[in-house]
Amino acid sequence: MSKLKITAKELRAIGFPESPVIPVAMQVMEKHFKHHTKEEATAILQALLASPLEYKSDKILGIIAEKLLPKEKIGESEISLNNAGIQFSIFGAEHIEQGAFHQMYSAAKLPVAVAGALMPDAHHGYGLPIGGVLATDNAIIPYGVGVDIGCRMCLSIFDVDAKELINRENFFVREINEATLFGSGATFQQPAEHAIMDSEIFQSTPLLKSLQGRAWKQLGSSGSGNHFVEFGEVAITEKDEILNVEPGVYLGLLSHSGSRALGANIANHYTRIAVSKRRLPQEAKNLAWLDLNEAEGIEYWMAMNLAGDYASACHHIIHAKIAKQLGRQPVTMVENHHNFAWKEMYEDREVIVHRKGATPAGKDVLGIIPGSMTANGFIVKGKGEMASVNSASHGAGRKMSRTAAMANITHNALKEELQKHSVRLLGGGLDEAPFAYKNIHDVMKSQAALVDIIGTFTPKIVKMAGPETNHFNRKKKGEIAGG
């Protein structure tokens, strides 16, 4: 296999600016990704360019991300952290890496911090750790929410025999392929119709005005990374009064994605403002906040909620398309954000609860916690545990970074794992292989006090970002067969 060669012209063609970042990107890619194909390398660079904040802590790609991020503007004098931070609960400490602990300890020392918790799927992120929960006093932290604002799960349960996934496999493969688009820059030639695009909030700021056109073209798309749309078996063993579904095995459609370029641009824009307004020590720099009484805080809050509604609309469009092809409406739909901030009551006071990769788990609140492309996901009902600030994990959580996964997991190992679990994978990549994730059953045991399990989802046909980011041994283009 010939070694990877990236040219400056190719970098400029995909959007890299004329700056010192180009030679750095060329050097890093040719040194650390020399055995990747040009398509794989280009996909990595496009994802990095779209969300450099997400890659800043990456040991290899961080050097490129650093060059893409704007330099900090000098604003107010540095704000000191509290010497003793607030106490926060930790669930499943044995499953959590040290980087996530350090980030949470920094967040706990913020002057605006009120309460917090660390979920068992937690791992090092950017700003708040993924799996971090933080309640603040009238303050919103853009990177306490994250880049993919409103990233959410959505499950439709259909009264269809799950055996149809085997008997009519090609039908379901076709429908899942046609229902959405994957890839960081994916756009539709014919945009979907949805009331979200008529929201007056799009006209409220110059930033949102500039993002509306692209948001429309991406409406109903699914992005890349760990986002997916999949068919599987939903098993309900006992009827729950909140879910209100009779015991049985059903056909399930589960999707995971967020607010696409709209959310990423909002996050990056207001993170820069927050960092310039409130200078924090280096270890807490990305936890800079906006006060909800100031103009920028109000703007961000509106934009964040718009992005959350937009993310929900994307899921509903996908689910409506497939329901139409199935010729029936779902028995019920369960959905929840897990990258968002809410105004909630905590110990008789209103606080802003940031859940960055955490599922709302208030009393009797329904949610979905996925496993991996081969592991079960769970329909859960919150217990309203205040020690977790009414939260639970948002998934199994990564135990390998994307870079580590791509360096250590083989195509054959992934193929064997898919076959073992009779999963058909459309697209997907080594960075999302099941081995890159924690054991979902261990994670669920660690949060038994936070949620009740009222149903399971077993993946069977999984669609993720395809051949533009991953190239495997396929039965046909864009597909790995696992059974």
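Please read all numbers here as calculations on a predicted model, not as lab measurements. (Residues numbered from 1 in each chain as written. Predicted model: local features only at pLDDT ≥ 70, side-chain atom pairs only at ≥ 80, totals over all residues. Heavy atoms only, no water.)

## Thoughts on the confidence of the model for the protein chain
Here's step 1: For the protein chain, the average pLDDT comes to 90, and 94% of its residues sit at 70 or higher.
Here's step 2: Across residues 467-483, where pLDDT falls below 50, the model places 58 contacts with residues more than four positions away in sequence or in other chains. (pLDDT = per-residue confidence, 0-100. Contact = heavy atoms within 4.5 Å.)

## Digging into the pattern of salt bridges
Here's step 1: Per the counting criterion, the structure on display carries 18 salt bridges.
Here's step 2: Residues E344 and R355 are paired through a salt bridge, measuring 2.8 Å at the closest nitrogen-oxygen approach. With E344 in strand 10 (residues 339-346) and R355 in strand 11 (residues 349-356), this residue pair connects regions lying 11 residues apart in the sequence.
Here's step 3: Classification of R355 by relative accessible area gives buried; the value is 0%.
Here's step 4: Across the salt bridge formed by E432 and R402, the nearest N and O atoms sit 2.5 Å from each other. Of this pair, E432 sits in the loop between strand 16 (424-426) and helix 15 (440-446) while R402 sits in helix 13 (residues 402-408), and the two are 30 residues apart along the sequence. Of the two residues, E432 and R402, neither departs from the other in class, the shared state being buried.
Here's step 5: Residues joined by salt bridges that share partners form a network here, namely K277, R278, E294 and E296. (Salt bridge = Lys/Arg side-chain N within 4 Å of Asp/Glu carboxyl O. Helix = DSSP H or I, 4+ residues; strand = E, 2+ residues; numbered from the N terminus. Buried < 20%, exposed > 50% of the residue type's maximum accessible area, 1.4 Å probe, protein only.)

## Focus: the nonpolar core
Here's step 1: Formed by 56 residues in total, the largest nonpolar core has its most connected members in L110, I140 and I266.
Here's step 2: Only helix 6 (98-108), strand 2 (113-126), strand 3 (128-136), strand 4 (139-140), helix 10 (206-218), helix 11 (260-277), helix 12 (295-326) and strand 10 provide two or more residues apiece to this core.
Here's step 3: For this core, the leading source of residues is helix 12, giving 10 residues.
Here's step 4: When sequence neighbours within four positions are dropped, the list of residues in contact with I140 reads V145, W289, L290, L292, G297, Y300, W301, M304, A341, I352 and H354. (Core = buried A, V, L, I, M, F, W, Y, C linked by side-chain atoms within 4.5 Å.)

## Looking at the pairing of strand 14 (residues 377-382)
Here's step 1: With six of six residues buried, strand 14 lies mostly within the body of the structure.
Here's step 2: Here strand 14 shows a buried face lined by G377, I379 and K381 and a second buried face lined by F378, V380 and G382.

## Some details on empty space enclosed by the protein
Rolled over the atoms, a probe as big as a water molecule pinpoints where empty space is left.
Here's step 1: This model, assessed by the stated rule, comprises one cavity of 30 Å³ or more.
Here's step 2: Roughly 40 Å³ of volume is contained in the largest cavity.
Here's step 3: Every residue along the wall of the largest cavity is listed here: F228, E230, L254, P370, G371, S372, A375, N376, G377, F457 and P459.
Here's step 4: Elements that contribute at least two residues to the lining of the largest cavity include exactly strand 6 (228-236) and strand 17 (451-463). (1 Å grid on protein atoms, 1.4 Å probe; cavity = no way out; pocket = protein on both sides within 12 Å on 5 of 7 lines; lining within 4 Å. Points joined across faces, edges and corners; volume = space filled by probe spheres on them.)

## A look at helix 11
Here's step 1: With 18 residues, helix 11 ought to run about 26 Å at 1.5 Å a step, and its terminal C-alpha atoms sit 26 Å apart, in line with that.
Here's step 2: Burial runs high along helix 11: 15 of the 18 residues are buried. (Expected span 1.5 Å × (residues − 1).)

## Some details on the sheet that holds strand 3
Here's step 1: One open sheet holds the five strands; their spatial order is 1-2-3-11-10, and the pairing between them is mixed. In this open sheet, the two edge strands, each paired with only one partner strand, are strand 1 (89-90) and strand 10.
Here's step 2: With two bridges connecting them, strand 1 and strand 2 associate as parallel partners. Pairing of I90 across the sheet is with L118, part of strand 2.
Here's step 3: Where helix 6 meets the sheet, its contacts fall on strand 1, strand 2 and strand 3, and the angle it forms with strand 2 comes to roughly 160°. (Pairing = 2+ DSSP bridges. Axes fitted to C-alpha atoms, helices over the stretch in contact; angles between N-to-C directions.)

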